[in-house]
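Close look at the chain arrangement
Spelled out, the chains give:
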Amino acid sequence: MKTLIQLLMTCEALLRSVGETFWADKIQAVLKRGGNSLDLYLLEEILSWYGGMGSFNDLMISEYNDHLVEGKDEEKLNNDLNRLRNEIYQEAVRLKRA
């Protein structure tokens, strides 16, 4: 099982590969502040990405969103993104409770 930091790094790389800089930059900022560990404040920040309009959950990789992707690749990339988002959320919740 990947650590939260590994999940975030993988997600950031995926987002950068399609030109999604807004969320990639948010992830990068958390990784830079956290170093090799993420404190409660950073876990709360990660969890805050998951609520409300314009949240991380709303992001769809699509050529119509000016992402660097062909339509035929969108489904796989969005499935990968959804899996990563779910794993990041679950791991952040688990760590917060620990």
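All of the points below concern the structure found in this document.

A closer look at helix 4 (residues 74-97)
Residues spaced three or four apart along an α-helix face the same direction, because each turn holds 3.6 residues. Across its 24 residues, helix 4 extends 34 Å between first and last C-alpha, which sits within 8% of the 34 Å expected from 1.5 Å per residue. Among the residues making up helix 4, those that are buried are Glu74, Leu77, Asn78, Asp80, Leu81, Leu84, Arg85, Ile88, Glu91, Ala92 and Val93. Buried-residue contacts for helix 4 involve helix 1 (4-17) and helix 3 (40-48).

Regarding the packing of helix 2 (residues 21-34) against helix 3
Taken N-terminus to C-terminus, the directions of helix 2 and helix 3 make an angle of 170°; their axes are 10 Å apart at the nearest point. Looking at the two axes, helix 2 sits roughly antiparallel to helix 3. On the side of helix 2, the interface is formed by Val30, Arg33 and Gly34, while helix 3 contributes Leu42, Glu45 and Ile46. Of the residues assigned to the contact of helix 2 with helix 3, the class counts are 3 nonpolar, 1 polar and 2 charged.

Side note on the environment of methionine 9
Relative to the elements of secondary structure, methionine 9 occurs in helix 1. On the basis of relative accessible area, methionine 9 is assigned to the partly exposed category, the value being 47%. In sequence terms methionine 9 and glutamine 28 are 19 residues apart; their C-alpha atoms lie 7.9 Å from each other.

What counts and what doesn't
- Residues numbered from 1 in each chain as written.
- Predicted model: local features only at pLDDT ≥ 70, side-chain atom pairs only at ≥ 80, totals over all residues.
- Heavy atoms only, no water.
- Helix = DSSP H or I, 4+ residues; strand = E, 2+ residues; numbered from the N terminus.
- Expected span 1.5 Å × (residues − 1).
- Buried < 20%, exposed > 50% of the residue type's maximum accessible area, 1.4 Å probe, protein only.
- Contact = heavy atoms within 4.5 Å.
- Axes fitted to C-alpha atoms, helices over the stretch in contact; angles between N-to-C directions.
- Parallel < 35°, antiparallel > 145°, perpendicular 65-115°, else oblique.
- Nonpolar A, V, L, I, M, F, W, Y, C, P; charged D, E, K, R; others polar.

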